[in-house]
Amino acid sequence: MTVPRDWAAPDAGRDLVVSVSRVAASGEHAGSVLLNPGGPGVQGTSLPGALAALQPELHQGRALIGMDPRGTGQEGGTEPEACEVPADRLSQRTDLDARDRSAGSIAEHLKLPRAVAEACQSDALTPFLTTWQTAHDMELLRMLLGESTLDYMGYSYGTWLGAKYASLFPRSAGKMVLDSSVDFQGRLQAAFEAWPQINQRMFEGSFVPWMTRQFPEVGATPAEAAVNWERAREFFVSAGTVPDNFDGIFTGMGNPLRWVLGALVFVLGVRGANGEIETTVTGSGLAARLDAAARAEFGVPLASLTPVVLANVLADYPEDYEYFPQTRYAVACGDQPTRSAAWYRRLSDRQGPRFPLFGWQYGLSEPCAFWSDAPRQELSVLPAEVVGRVLVVQAELDPQTGYEQGRSAVRAAPGVSLVSVADSPFHGQYAFEGNPCVDGMVNVFLLRNSRPGDVTCPGVPLPNETEVHPVPGPVRGAPVLTTAVAHPSLAALREAVRTKIGDAGPSMR
């Protein structure tokens, strides 16, 4: 569909084209559900087909609508808009380690966010790649579909987009499901600023204990495994891996694929630290997943992936530092006023000692710290007339949109319902996690107009496990069911879409 470049001045500038997809209801049409996978800046036109296959009950009565939001190109065709950064504007050092708090190290780290902010702001399209503009595109789409109201399902940043659409067009917004939510009543940037805390919690409370169960060689206890993780880090850094890049492998692990990749790096790093540089990973119940991940991410089969081979891959890991996702920063930094570089530097100093996995690095890597353009439009909070049509779904240990973000939004919008998912460390719960409790709650809401109150669903077992291991966290209510078994059908499709949503964000790059 054709949309104005600027909805505030529709006749000014060249129009934009936004790609849309539609899967018609398999039965009698009872309305449309618009889907958004998150980001900011992720393409979404493939999502309706996947959801139709995985949720035939929903598909029977609802047309499922996808959209590649402005600035994201066309899925399967054109790439998203990008900010081009001259390579000489970036650090040339290969040993960047945010733990190094020297003036020289900090100055080198700040080169990247400053250059990205300047490059993105120099593009004439950037001021029009905002949530306010995209929400108006959504309203045009509702009218073109001929729907009196538009139901909505948004993941991650898509929760912010959906909430702001409902705020701008409360009479047009139907039932809203906001899955893996940011604080849509507060600041979008706060979701990124919480990354050090929520990643440290997930890493220590869920991932490392899982590693001790799946790969005991990394440590018999989480404390022992944490020591060996540091040894693995030292091994790879000594072989040429950029320290910051190693830490980044273990942040934003919001889907099983990222866990499998982290497991490979962890195990082989420990072996390398032990001097076992020619051994491979064998005998794991995750062997098939490990092999697929090794081939896709590192270019070699699992049987050939030794510590020394992986060390060479990580040392030469391609770093495309010349192009950065324009819509990601245009939205994250352009929707609301930003904090200063000095504020983010102080944040790094505070978060580093408490959350060392990513706390030192985050405050030195955020382009919003150098964003100078003020927002062109103001985004309001949810009006009272909408809250009764909103359902938030939130995983307890989500490392990309923290539980506290969604809970804060719900508390600031009395009348919104919250489905908490206990002990789950993954990003994006409905439809693709295979959790029957979550899927049932959402489907009853969308199809039968029966919205649950605040309730807790159990999580599903982690990869290669058959039971859920409780983890201390912010969820206080007992689950409504004792166990939830992941739905096995269409496993490959589920995995693919979970990865898409998990990698969608909010990302740091």
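Residues numbered from 1 in each chain as written. Predicted model: local features only at pLDDT ≥ 70, side-chain atom pairs only at ≥ 80, totals over all residues. Heavy atoms only, no water.

Asks: Quick rundown of the packing of aromatic side chains? Include the residues and the values.
Replies: By the definition in use, this model includes 21 aromatic pairs. When the ring of Tyr 155 is compared with that of Phe 432, the centres are 5.9 Å apart and the planes differ by 45°; the resulting orientation is tilted. Taken together, the residues Tyr 155 in strand 7 (residues 150-155) and Phe 432 in the loop between strand 11 (417-422) and helix 17 (436-448) connect sequence positions 277 residues apart. Take Tyr 155: its relative accessible area is 1%, and that puts it in the buried class. When its relative accessible area of 2% is taken as the criterion, Phe 432 is described as buried. Linked through ring pairs, Phe 203, Phe 207, Trp 210, Phe 215, Trp 229, Phe 235, Phe 236, Phe 246, Phe 250, Trp 259, Phe 266 and Phe 426 together constitute an aromatic cluster. Directly above the ring of Trp 160 sits Lys 164, whose terminal nitrogen or CZ lies 4.5 Å from the centroid. Sitting over the face of the ring of Trp 343, Arg 339 holds its NZ or CZ atom 4.9 Å from the ring centroid. (Phe/Tyr/Trp six-rings, centres within 6.5 Å; stacked < 30°, edge-to-face > 60°. Helix = DSSP H or I, 4+ residues; strand = E, 2+ residues; numbered from the N terminus. Buried < 20%, exposed > 50% of the residue type's maximum accessible area, 1.4 Å probe, protein only. Lys NZ or Arg CZ within 6 Å of the ring centre and 35° of its normal.)

Asks: Let's hear about the sheet that holds strand 11: which residues, and what values?
Replies: Pairing within the open sheet is mixed, and its eight strands lie in the order 3-5-4-7-8-10-11-12. Edge positions in the sheet fall to strand 3 (19-23) and strand 12 (455-458), since each of these pairs with one other strand and no more. With direction set aside, neighbouring strand axes in the sheet form an average angle of 20°. Taken together, the five bridges between strand 10 (residues 390-395) and strand 11 define a ladder with parallel strand orientation. The partner of Val 392 across the bridge, within strand 11, is Leu 418. Across the face of the sheet, helix 5 (residues 157-168) comes into contact with strand 4 (32-36), strand 7 and strand 8 (173-179) while running at roughly 150° to strand 7. (Pairing = 2+ DSSP bridges. Axes fitted to C-alpha atoms, helices over the stretch in contact; angles between N-to-C directions. Contact = heavy atoms within 4.5 Å.)

Asks: Tell me about the state of the cysteines, and name the residues and values.
Replies: A covalent bond between the sulfur atoms of two cysteines is what we call a disulfide. This model, assessed by the stated rule, comprises three disulfides. Cys 83 shares a disulfide with Cys 120; S-S distance 2.0 Å. Taking the torsion about the sulfur-sulfur bond, which here is approximately 110°, the covalent link between Cys 83 and Cys 120 counts as right-handed. One end of the pair, Cys 83, is in strand 6 (residues 82-84); the other, Cys 120, is in helix 3 (residues 103-121), and 37 residues separate them in sequence. Of the residues examined, Cys 83 reaches a relative accessible area of 2% and is grouped as buried. By relative accessible area, Cys 120 is classed as buried at 0%. Disulfide pairing places Cys 437 opposite Cys 457 at an S-S distance of 2.0 Å. The sign of the -70° torsion about the S-S bond sets the Cys 437-Cys 457 disulfide as left-handed. Taken together, the residues span a long stretch of sequence, with Cys 437 in helix 17 and Cys 457 in strand 12 at a distance of 20 residues. (Disulfide = S-S within 2.5 Å.)

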